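Tertiary structure, described
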Amino acid sequence: MFKPHFAALLLIALCARAEEKTPGNIENAARATVGITITPKQDGWEKSLTGTSGDFESFLNRKKSITLSGFLIAPDRVLIRDPMLEPGEIAEINVSAGTQSVKASVEAFLIDSDGARLALAAPLTSAQAAPPAPGAAPAAALFTQKRGDDEQIFVSTKPFDAAKRLFADGIWRIDFSSPTQIQRADGSIFGYAAQSSLPLSALTPERADPARWPGFTPQALETRQGELLTLARQHILPVTFTFRPPKDEKEDRYSYRYRGSSESGKIPEDATEGSLTGMLLTDTRMIVPYAFPRKQLARLEGINVLIGGKTVKATYVATLTAFEGTVLELTEAHPEAVLPIETDPPADLHALHFLVAVDGITTGDYRARIHRTRIDSLSRSWRNTLTPSISGVSDRKGLIFSNAGRCRWVSVEVKEKRDTFGRSYNWNSSNSITIPAATFASFAHPADADINPAIQPLAKEDEQRLGWIGIDLQPLDRALAEANNVTIPTRSGSFGGIVSLVYPGSPAEQAGVEPGWVLTRLLPSGQTLPSELSVEKSESYMREFPWEQLDEIPAQYFDRLPAPWPTFNTPFRAQLTDSLGIGASFTAEFFVNGTRELKALTVAAAPAWFGNARTFNWKRAGIETADLTLDVREYLNLDAEAPGVVIKRIRQGGVAAQAGVKPYELIVKVEGQPVADVAAFEKAIEGKSNVKLTLSRMAKERVVSITPASEDPAPEAEKNGADE
Amino acid sequence: MKKKSILLTAVLLTAALLRAEAPAHDFRDVIAAARAKVQPAVLYVKCVRDSMERGTLHAQEVAGSAFLISPGGEFVTNAHVVNKARSVRCLLSDGRHFDADILGIDKSTDLALCKLRLPEGESVPFARLGTSAGLSEGDFVIALGAPWGMNRTLTFGTISCAQRYLEGHSEYVLWLQTDASIGPGNSGGPLVNTEGEVIGVNALGSMLPTANFGFAIPSDEAGLILGQLREHGQVNWSWCGIQLQPLNDFNRNTFSTATNGVFLAGTLPNSPARGSDLRAGDRIISVNGKAVNGLTEETLPALRREIGLLSSDAEIVFELMRGDDRVTVTLSPKAKGAVEGEEKAFDRWDFTAKTINRFETPELFLRRETGVYVFGVAYPGNAQNADLREKDIITSINNRPIATLTDLEAAHTAALEKQSATRKTLISVIRNGRPRQIVLDFAREYER
């Protein structure tokens, strides 16, 4: 299986010659060099597929043989880098030198450094074991190996100069990969290292002897993983959220639906129940690392947390903006379930850590797995915290525990900063990062700046409430920017919108905003950089409503007929609602005839619109009516006092449909008396066996006589074609 | 082309068969006799009219039919054949052809009265208008005219329905429905009874593939309108702005126990009726003392016609039932006036504009009672590039308000004058009820 390679030996010699000036003896390192081939198990692929990140390509990669290099540290012991395979995944290990090849098994997965010790089935005589020789530090050179794809082994060396390479923290940083042999200047072996950061304190004969390094036997590792998984499950708690069913949104069928903040889509937005996991960080405060879209959280009914087999109720506190997280408050204290957190930095980066990932959640329980992992490096990044770069697992989302069983890092989703405002789509908006557990825990009591006030549970009637400032906007383009003298401030109309309408009594009107002004940017309070306003063209799909053909449209198509008036729920208003929230204040930048004008505005609750207007469903006549809201009045050129209700839905085959009543007509009078709203309409028709309704279609009126069915009808029968 | 020639051959063959050995008193004699009386008076009409539908002023050729009613050259055709015609040319069956003048047009009833420019002393054959009052379903009729431009065509059928109400097409007149084939080009031609009298003016067909029906304006109503056209050059309809609804309306599943009168469905905005005491739901039982009966929808055109033909100078007295109360309402009607807007083309902008008219564009009238809107957008053209769309109401140009075609014309002229300074016009429009701005860049000149 493993053939000798003379070329490899030659390369060793060449390297040695090139590095003639290096202290130490490369021959000594080369003679102790062995090649290792690890064959993973070929069965159990289902386990591998579901156990890892689950993508087939990574499964195939794992199934390839792994080739490594190592040092023979005793005649039957080899030091290698940790191959990062679970013990159960290893089928066979072969260690070879020259023409000789022997089988081996893992004696220990090292705890404090990134290595493993192999025990050989028979001594390997082709190589020369190089155990540490007694004697004094300091050492003179480091030798490391690298194995190429065609099974060549390169041995390279670096001079070891304590004075030059010592960092302030007393840790050596060396560029070699594990493992590394440390020689004295005379070529004798001082010891080994299995990490790229080498504390000076390791340069003692004891710490440099790999035979003494603590490790887990494969069996002990599995036992330890099992223990830690049990521990983790006690602190990663299943949380079940329940929601009201969403309201039907017929009027929005033809408009863009604003996508909420979450892209991971763990829970469908119209779901009525969803289970996730969260961590208790104080006796009562917990964070679920997930942010619900505003519309979904508005429907929140209840939260249950499962702690030690017991269901504990929780209440919603806030949704974080710092990262995707929902803060909850338990109704009772559970100190025993608080997540143990490691605040001290790791003694050695490469020490054994365990990543706990939750795969799937069913009500009250979940499936989790644990992987041993090693930290490659730490860097200061998100909010100046030390975030690790980890190896050994393809799916890096989860909680990372130290071998001592304390949580050190938590992975969370962070939303990318946006510099535009008003878009309905927000591509690749989040990004997974791993933050220190202590930092994560500090958000259990978040500062105001770190929460999104827009995301709140709402009463059913307020669920579809929108925020507004009371303007309609027309998107700017190059020509309009020029005509409005805003070419420079809007980069030739690449952002911004013309105020086409200012609604009476709205915040914009009170602030003195006028039609024709150009809105360019918004600066929410607390934010340092303004967002450029992006106005979407929302009318491209909107054709003229077929008023003239309304009588010819068969009843079965009524439900597909989009409302004649433009949707009130524009991306701009949706984002005012979702990102800023009702009550939030901001500064708006306008241009009036080319002159900049700043206005302080507050997002107000918009008045009812066609989509969330009060309705009355007159089932016996088969019509659903809605209040005349401002968007409908604007379209029909009706003043605020004009009476009437608008027909929102018609049941085909119903009494009203037979009477020729059409969708989006108005009922202006009942028995000759004007009706102000749906409540008045309901009262006016109550208990009547026959009513005369005055209908209005655009300006034309007519009277229909309705004899309501004697009882509420069964679900409607299918009606095909009028003339069959 | 090939298809057309096959059709023609078939027509000739049938004609040959009909002529062969006709026995005496055969029904074919009846048809032939009727035809012989009217066919010489049938005209094949070709007009060149101004059209602005496609965003520019361009000439459009329209073909139709007509029939002469006097030896001096008076003839009847449809309003939609000769409307906006620059020239009218007519071909007689005997091969003579003359230009013609329009004496009067009434768009509301789709009738027009014209006259051939006959040389001094020359006369033409003419047809006699019969009465349509006695017609009943099953009566044999022939239609004469030029369907698809094929003149001297005769089609034959029966009266399928003598009183047809067509929603949206029956303001003042009920229709004669016939299964004699009526195609495009038959418009204005006569529908003739077996006596050889004109009993209808063919005006509407159906383009549906299996539909075998055409519609004609009954001769009695046509005669009434023609008299007005001859006298005034137009019909002086008066207008109250009332909308009538029958007592029994099957299509709307609405029935009344009342046996007389007609419902007032509603009044139109800014109309004499809207300002009066008339209310939707009132039951009108008499107009100027004359009892009205609006039991079914078929009765409505005659009612509307009678009220419409009352003088707009005199008050109209409506007697009505409101619940159990008898109420009298008096109102002064207005002259109905134009039923369509005026048009104008704006060459360099590449669109045509039209004035808002309450009868033609009620949905625009709802938003602006006086104003102009984009009628046609030329393709390719500057307006089209700027995404100006049909039915956009133009409210201002370069921030100067626009209410009339004259305003628009002045703005167009001004824009062209200062063309060296800027070649862009900022237009504010109302589209679908919402205001918006449009920048019309007219730097480019499109050749037409």
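Residues numbered from 1 in each chain as written. Chains lettered and ligands numbered in written order. Predicted model: local features only at pLDDT ≥ 70, side-chain atom pairs only at ≥ 80, totals over all residues. Heavy atoms only, no water.

So, the overall build of chain A
Short version of the rule: Only DSSP runs of H or I covering at least 4 residues are called helices, and only runs of E covering at least 2 are called strands; the numbering of each starts at the N terminus. The cut-offs for exposure are 20% and 50% of the maximum accessible area for each residue type, with area from a 1.4 Å probe on protein chains only; residues under the lower value are buried, those over the upper are exposed, and the others partly exposed. Contacts are assigned to residue pairs that have any heavy atoms within 4.5 Å of one another. In this description, accessible areas are obtained by the Shrake-Rupley approach with a 1.4 Å probe, and a residue is regarded as covered only by the protein chains that are shown.
Counting its secondary structure elements, chain A contains 14 helices and 41 strands. Across the 724 residues in chain A, those meeting the buried criterion constitute 53%. Across chain A, every contact between residues at least 6 apart in sequence was considered, and the portion connecting residues at least 24 apart equals 67%. Accessible area of chain A: about 32200 Å², with a carbon and sulfur share of 51%.

Brief notes about the overall build of chain B
Selection criterion: Just so you know, the count uses Lys and Arg for positive and Asp and Glu for negative, and it drops His and the chain ends. To locate a charge, take atom NZ for lysine, CZ for arginine, CG for aspartate or CD for glutamate.
In terms of regular secondary structure, chain B is built from nine helices and 27 strands. Summarising its shape, the C-alpha atoms of chain B cover approximately 80 × 65 × 45 Å along the three principal directions. The buried share of chain B, taken over its 448 residues, is 52%. Across chain B, the fraction of contacts at a sequence separation of at least 24, relative to all contacts at a separation of at least 6, is 61%. Put simply, chain B shows about 20900 Å² of open surface, and 52% of that area lies on carbon and sulfur atoms. Here chain B carries 49 positive and 52 negative side-chain charges, and the mean point of each set is 6 Å from the other.

A few points about the interface of chain B and chain A
Stated precisely, the cut-off is as follows: The quantity reported as buried area is the accessible area (1.4 Å probe) lost by two parts once they are put together, taken as the sum for both. Definition used for salt bridges: Asp or Glu carboxyl oxygen within 4 Å of a side-chain nitrogen of Lys or Arg. Polar contacts, as used here, are pairs of N or O atoms within 3.5 Å; protein pairs need one atom able to donate a hydrogen and one able to accept it. Residues neighboring in sequence count only if both atoms are side-chain atoms. Gly is placed with the polar residues, together with every amino acid not listed as nonpolar (Ala, Val, Leu, Ile, Met, Phe, Trp, Tyr, Cys and Pro) or charged (Asp, Glu, Lys and Arg).
Taken together, the 32 residues of chain B in the interface contact 38 residues of chain A. Across the chain B to chain A interface the summed buried area is about 3100 Å²; carbon plus sulfur atoms make up 47%. When the buried surface of chain B facing chain A is broken down by residue, Asn432(B), Arg434(B) and Gln437(B) rank first, second and third, together holding 22% of it. The interface formed by chain B and chain A contains two salt bridges. Between Glu482(A) and Lys424(B) there is a salt bridge whose closest N-O contact spans 2.8 Å. Here chain B and chain A share nine residue pairs in polar contact (both at pLDDT 80 or more) between them. Of all the elements in the fold, those that place two or more residues in the side of chain B that touches chain A are β14 (242–245), β15 (262–267), β26 (424–431) and β27 (434–441) of chain B. No other element matches β27(B), which puts six residues into the side of chain B that touches chain A. Across the side of chain B that touches chain A, the residue classes tally to 11 nonpolar, 11 polar and 10 charged.

As for the side chain of Lys336(B)
Residues and elements named next belong to chain B. The residue Lys336 is located in the loop between β20 (334–335) and β21 (343–346) in this model. At 3.3 Å, the side chain of Lys336 and the side chain of Ser108 are in polar contact. In this structure Lys336 touches Ser108, Glu171, Tyr172, Trp237, Ser238, Trp239 and Phe359, once residues within four positions along its chain are discounted.

Things to note about the nonpolar core
Rule in force here: Definition of nonpolar core: a set of buried residues of the types Ala, Val, Leu, Ile, Met, Phe, Trp, Tyr and Cys, connected through side-chain atoms within 4.5 Å.
One finds Ile36(A), Val95(A) and Phe323(A) to be the most contacted residues of the largest nonpolar core, which totals 57 residues. Apart from residues lying up to four places away in sequence, Val95(A) is in contact with Val34(A), Gly35(A), Ile36(A), Val78(A), Gln100(A), Ser101(A), Val102(A), Ala104(A), Leu118(A), Leu120(A) and Leu124(A).

Describing helix α4 (residues 219–232) of chain B
Residues and elements named next belong to chain B. Note the cut-off: An expected span of 1.5 Å times one less than the residue number is assigned to each helix.
Across its 14 residues, α4 extends 20 Å between first and last C-alpha, which sits within 8% of the 20 Å expected from 1.5 Å per residue. Of the surrounding secondary structure, the elements contacted by the buried residues of α4 are β3 (74–78), β5 (97–106), β6 (111–116), β11 (198–204), β12 (214–218) and α6 (300–308). One or two steps after α4, the chain reaches Gly233, where phi turns positive at roughly 75°.

Topic: the sheet that holds strand β10 (residues 190–193) of chain B
Residue and element names in this part refer to chain B. Selection rule: Whether two strands pair depends on DSSP finding at least two bridges between them. In this description, a line fitted to the C-alpha atoms serves as the axis of each element, helices being fitted only across the stretch in contact, and the angle between N-to-C directions of two axes falls anywhere from 0 to 180 degrees.
Pairing is antiparallel in the closed barrel, where six strands are placed in the order β7-β8-β9-β12-β11-β10. Looking at each pair of strands side by side, their axes are set apart by 45° on average, direction ignored. Sheet strands in contact with helix α2 (residues 27–38) are β7 (140–145), β8 (153–164), β10 and β11, and its direction is about 40° off that of β7. Contacts from α4 reach β11 and β12 within the one sheet, and its direction differs from that of β12 by about 50°.

Some remarks on unusual backbone geometry
Look at the link from Tyr379(B) to Pro380(B): it is a cis peptide, with omega at -10°. With respect to the helices and strands, Pro380(B) occurs in the loop between β23 (372–377) and α8 (382–385). For Arg491(A), which is not a glycine, the phi torsion comes out positive at approximately 45°. Relative to the elements of secondary structure, Arg491(A) occurs in the loop between α9 (478–483) and β29 (497–502).

A short note on the sheet that holds β6(B)
Residue and element names in this part refer to chain B. Strand order in this closed barrel of six strands is β1-β2-β3-β6-β5-β4, and the pairing throughout is antiparallel. Neighbour to neighbour, the strand axes of the sheet diverge by 35° on average, direction disregarded. Pairing of β3 with β6, which is carried by five bridges, proceeds in the antiparallel orientation. Across the sheet, residue Glu74 finds its bridge partner in β6, namely Lys115. Sheet strands in contact with α4 are β3, β5 and β6, and its direction is about 55° off that of β6.

Describing helix α11 (residues 571–580) of chain A
Residues lying three or four places apart along an α-helix face the same way, a consequence of the helix completing one turn every 3.6 residues. Residues and elements named next belong to chain A. The element α11 is largely enclosed, with a buried count of nine among its 10 residues. Those residues of α11 that fall on the buried side of the exposure criterion are Pro571, Phe572, Arg573, Ala574, Gln575, Leu576, Thr577, Asp578 and Leu580. Gly581, located one to two residues past α11, shows a positive phi value of around 95°.

Description of a nonpolar patch on the surface
All names here are of chain B. Basically, it comes down to this: Two joining distances apply to patches: 9 Å for like charges and 5 Å for nonpolar side chains (Val, Leu, Ile, Met, Phe, Trp, Tyr), and every residue must have over 30% relative accessible area and no salt bridge.
On the surface, Phe27, Val30, Phe140 and Phe156 cluster together to form a nonpolar patch covering roughly 320 Å² of accessible area. By the secondary structure assignment, Val30 is in helix α2. On the accessibility criterion, Val30 (31% relative accessible area) is partly exposed.

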